[in-house]
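Chains, contacts and geometry: an overview
This is what each chain is made of:
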Amino acid sequence: MEFEDSEGANSTSSDVRRNQTPETPTGRKQRKRKLKDPSITAEDYELWKNYDKWEAETKKIVEAVLKKLEDSNSNKPNEEDLLLTLKKKMQQLKEKCLQENIYVGVFGQTGAGKSTLLNAVFKEKSLLPTSSSGACTSAIIKVQSYEGRKFKAEIEFLSEQNWNDELKLLVELCGKEDSDDEVDDEDDMEVETAKNKLQTVYGSSGPEKSYEELVKMNIYQNIPKSGKKILREDNAEELSRKLDPYIRSQPCQTSKIYWPIVKSISVYIPYCQILPEGVVLIDFPGLGDSNKTRSEMWKTNLMNCSSVWIVSAICRAVNEKIVHEIFGTSIKSATNGGRCHDVAFICTKTDDIEEQEYARDYRLTNEEMNLTDDNDLLEYDGKQKQSCIRHRNKHVKETMKKQYEEKWTKLMTKGSTQLEFSKDDLCVYTVSAKQYWKLEQKEPSNIFAETEIPSLRKHIIDLYMKERKKVLNIYVSEVWGMLLLLISLNQNKQNEILKSRFNTINKAFQMSLEDFNEHLEDICRSLQDHLKHGVREAEKKSGQVIQQHIEPRGGRNYQGFHKTLKAICRNDGVFNSAKFGPIDINHDLSKPLHQKIDHFSDSTLQFNKGRRHSMEGRFNSIKLSLTNIIDEPLPTKSTAENAWVWKCRKDFMKTEINGLFYDLKKQITERKQHFYNAPSLSVQCSMKPAYEEATRKKGAGVLPFMKKILKEHVEEKHEEFFKDARDNAMEQFNDMKEKLKKEIHGRMTITLELGFSQWSGHNPLPDFQKEFDQITLIWNEVKDLSDSD
Ligand SMILES: Nc1nc2c(ncn2[C@@H]2O[C@H](COP(=O)(O)OP(=O)(O)OP(=O)(O)O)[C@@H](O)[C@H]2O)c(=O)[nH]1
């Protein structure tokens, strides 16, 4: 196998933020967006343009203010310190990233139509390779628009070490040495997948070679040193053709194929008139994968998804097991520190229908199908098909909505889970990519009635607009608050209000801090209690859990099981099996701890419900008590000028407090993941010696040996390793707690310092009136939008 030269040595990661897209040279005027998609309403489009405009103008104001501050000097120590703090604040505002990527995860069984769907959503018929022949997407593919000129793909390869680790597993799966049973490898999906990978990378004789022989073939000699390859093409078809060997697992392809050693692929669409830059759709492979890195990527990428799309062909959607499984996983991700806020069920291939059969099954009369004897035969057939499609779309939509709403309610009433999204955030869409492309050319105005591809775009746009509005509101308010402070600084000499209010507000600030710290300590103790119970339960259940994993699945005598177990051990307890789906011994052993963390988190770390004891409730009450103190009426004797200065300071402090709590929420969401993952990572670490020992076992009768090793390890060590798991989770939580304390203390201290600062006036401060007037105009517009919600 040979590889083409790479030009990726200096390439940026696929997760690059929009502000830093490599093909957007700094200083170059950004191309104007020309959105032509009718699924975006004129109001949305207008709003979107305004968001861009307000964001750019606010950043410009920040830069101008920073420049003025940098040009100012003072040799008086108190002025110098204040100037430094002001510059630091403005610098932070300048650097603040306002458009973090929004990820939409697209899941579904192989062949469900995910790639075809993404092509239709992006209105690029031939972008992602699709297949009718059973070949499937093997790596995670991220698709997004960007401001470059060409269609681009960044292909990231697995590291050589990572591939060699997987290679050992693949060789073992194909090997004969452990085959003391009569299993026919042809029937074993695990072995089939392994053989396919080895043949793809090392040729047809690959599966017969030893690990050492395969390593000697040194396939990495031709892989770019950067581990990345970039493709750039003028059109989507050409890019797709070149991408194909990196994406698809197609057993009898003749050209060079690279997919087994590809870690992930990012595809960039230029001049995209459909979706905004920064919205990333992720096509998750539909098949199991034995590669550890790719499995981990699967998990982390899912955690980052704001929206999850579960795709299945309409004829199977209602009963498909995988749809239920992915729904369960998305909910788990949403609660376990993930960001998922809505789930959409997408039923594809709605055009694929046997209309006569369908009409018979559902006893549809001609009247119901709007058919008359006058219709000629052709029109009759077409109308019948269309009526049946519409009938099925409606029926499946209603059934699925009901089914998943019930599932959702069950989860809620069981009290085991509190979700960040509500029942209304579960949507069902019925789509036909085939129909979409047909109508797109001939009758674009009919697209809306026949397929919900445009509604899916609207779904994304809504998500995007909601996020931008939130971020922009906080940002503009913070800049406005800073300018209020700056224009009031020159006029506060001898301001008796500042002097008199400082003590009261400082006291309130300090009390809030103490309250919050106490609350954090309380919830820390509560987590400790929860985990204590979790450890006890985990200890009790550990024997049963390991037994379930080491016995052939479902009690059936599955003869090839020793290979699956070997694969699980070689992957440290985690294996995405082609036959059984995802297996995670570590998570299952530590499940009681995870459940306790869930329970704890439901009552303390949720943000969508302002219950008094939740984090949101706490934040709201601190904000309210501080705002009330800040807003307390002034003594009547204050001069108009002093009252004006005080009003500026009050608004400054309030915007700062708002911004602080917004950032804290974001930080908690990000850090939550670490302590959520801690128990299973810790158990994995404790189980590692057993996995390694089991992996080393070879030869006849290997299965009983492996089982014995795993079972005995759990029996002997379970007390120790669940306590370690508890300690690790606590350590992660304490780390989050200390960082939160530090952040809230640091930022509130600066807010107070600035809110009551005095410019002694030895040197003049620059005039910021122009910038203040500019930001006030923007703030009024942004504020109006939020107020109208
Ligand atoms: N009739 C019809 N066929 C479709 C539609 N969408 C997809 N298909 C076909 O379904 C097959 C599989 O589609 P893909 O998009 O490759 O499926 P996938 O889910 O990406 O599959 P993996 O790559 O294996 O994960 C292809 O033959 C598509 O042409 C549709 O709306 N109507």
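Residues numbered from 1 in each chain as written. Predicted model: local features only at pLDDT ≥ 70, side-chain atom pairs only at ≥ 80, totals over all residues. Heavy atoms only, no water.

Focus on the overall build of the protein chain
- The number of helices and strands found in the protein chain is 22 helices and 13 strands.
- Of all 789 residues assigned to the protein chain, the portion counted as buried reaches 54%.
- A separation of at least 24 residues holds for 82% of the contacts in the protein chain among residues at least 6 apart in sequence.
- Within the structure as shown, the protein chain displays about 36500 Å² of accessible surface, and the carbon and sulfur contribution to it stands at 48%. (Helix = DSSP H or I, 4+ residues; strand = E, 2+ residues; numbered from the N terminus. Buried < 20%, exposed > 50% of the residue type's maximum accessible area, 1.4 Å probe, protein only. Contact = heavy atoms within 4.5 Å. Areas by Shrake-Rupley, 256 points an atom, 1.4 Å probe, with all protein chains shown as cover.)

Side note on the nonpolar core
- Core analysis: the biggest nonpolar cluster contains 178 residues, and W163, V267, L281 and W309 have the highest contact counts within it.
- Top element by residues in this core is helix α14 (residues 453-489). It accounts for 21 residues.
- Residues within four places of L281 in sequence aside, it is in contact with V104, L118, V121, F122, I141, K142, V143, L275, W309 and I460. (Core = buried A, V, L, I, M, F, W, Y, C linked by side-chain atoms within 4.5 Å.)

Quick word on the pattern of salt bridges
- Tallied over the full model, the rule gives 44 salt bridges.
- Salt-bridge contacts for D663 lead to K96; the nearest nitrogen and oxygen are separated by 3.7 Å. Here K96 lies in the loop between α2 (77-95) and β1 (102-108) and D663 lies in helix α20 (residues 640-696), a separation of 567 residues in the sequence.
- Here K96 falls in the partly exposed class, since its relative accessible area comes to 24%.
- For D234, the salt bridge is made with K150, and the minimal N-O distance between the two is 3.4 Å. Separated by 84 residues along the polypeptide, D234 in the loop between β5 (228-233) and α7 (236-247) and K150 in the loop between β3 (140-146) and β4 (151-157) bring together distant segments of the chain. (Salt bridge = Lys/Arg side-chain N within 4 Å of Asp/Glu carboxyl O.)

Some details on the environment of E467
- In this structure, E467 sits in helix α14.
- Judged by relative accessible area, E467 falls into the partly exposed class, the value being 31%.
- It is 9.4 Å that separates the C-alpha atoms of E467 and E100, two residues lying 367 residues apart in sequence.
- Every residue in contact with E467, bar those within four places of it in the chain, is listed here: I102 and Y662.

Section: a negative patch on the surface
- On the surface, D352, E354, E357 and D361 cluster together to form a negatively charged patch.
- For E357, the position within the fold is in helix α10 (residues 355-361).
- Taking the relative accessible area as the measure of exposure, E357 reaches 43% and is therefore partly exposed. (Patch = residues over 30% accessible without salt bridge, like charges linked within 9 Å, V, L, I, M, F, W, Y side chains within 5 Å. Lys, Arg positive; Asp, Glu negative; His and termini not counted. Charge placed at Lys NZ, Arg CZ, Asp CG, Glu CD.)

As for helix α3 (residues 114-121)
- Among the eight residues that make up α3, seven are buried, leaving the element largely enclosed by the rest of the structure.
- Just downstream of α3, K123 is the residue with a positive phi angle, here 55°.

What about the packing of α3 against α14?
- Two elements in contact, α3 and α14, have axes whose closest approach is 10 Å; the angle formed by their N-to-C orientations is 75°. Compared by their axis directions, α3 and α14 come out roughly perpendicular. Contacts between α3 and α14 pair L117, A120 and V121 from the former with I453, L456, R457 and I460 from the latter.
- A class-by-class count of the residues in the contact of α3 with α14 yields six nonpolar, no polar and one charged. (Axes fitted to C-alpha atoms, helices over the stretch in contact; angles between N-to-C directions. Parallel < 35°, antiparallel > 145°, perpendicular 65-115°, else oblique. Nonpolar A, V, L, I, M, F, W, Y, C, P; charged D, E, K, R; others polar.)

A word on the sheet that holds β1
- Taken in spatial order, the nine strands make up an open sheet running β5-β4-β7-β3-β8-β1-β9-β10-β11, and their pairing is mixed. Taken across any chain shown, the strands that pair with only one partner, and hence form the sheet edges, are β5 and β11 (426-430). On average, each strand axis in the sheet is inclined to that of its neighbour by 20°, with strand direction left out of account.
- Contacting β1, β3, β8 (279-283), β9 (305-313) and β10 (342-348), α3 runs over the sheet at an angle of about 160° to β8.
- Most of the contacts of helix α8 (residues 292-303) go to strand β7 (residues 262-270), to which it runs at about 45°, and overall it touches β1, β3, β7, β8 and β9. (Pairing = 2+ DSSP bridges.)

Re a positive patch on the surface
- Among the surface-exposed residues, K532, R536, K540, K541 and K591 lie close enough to one another that they form a single positively charged patch.
- With four residues, helix α15 (residues 496-550) is the largest single contributor of residues to the positive patch.
- The class of K541 is partly exposed, set by a relative accessible area of 36%.

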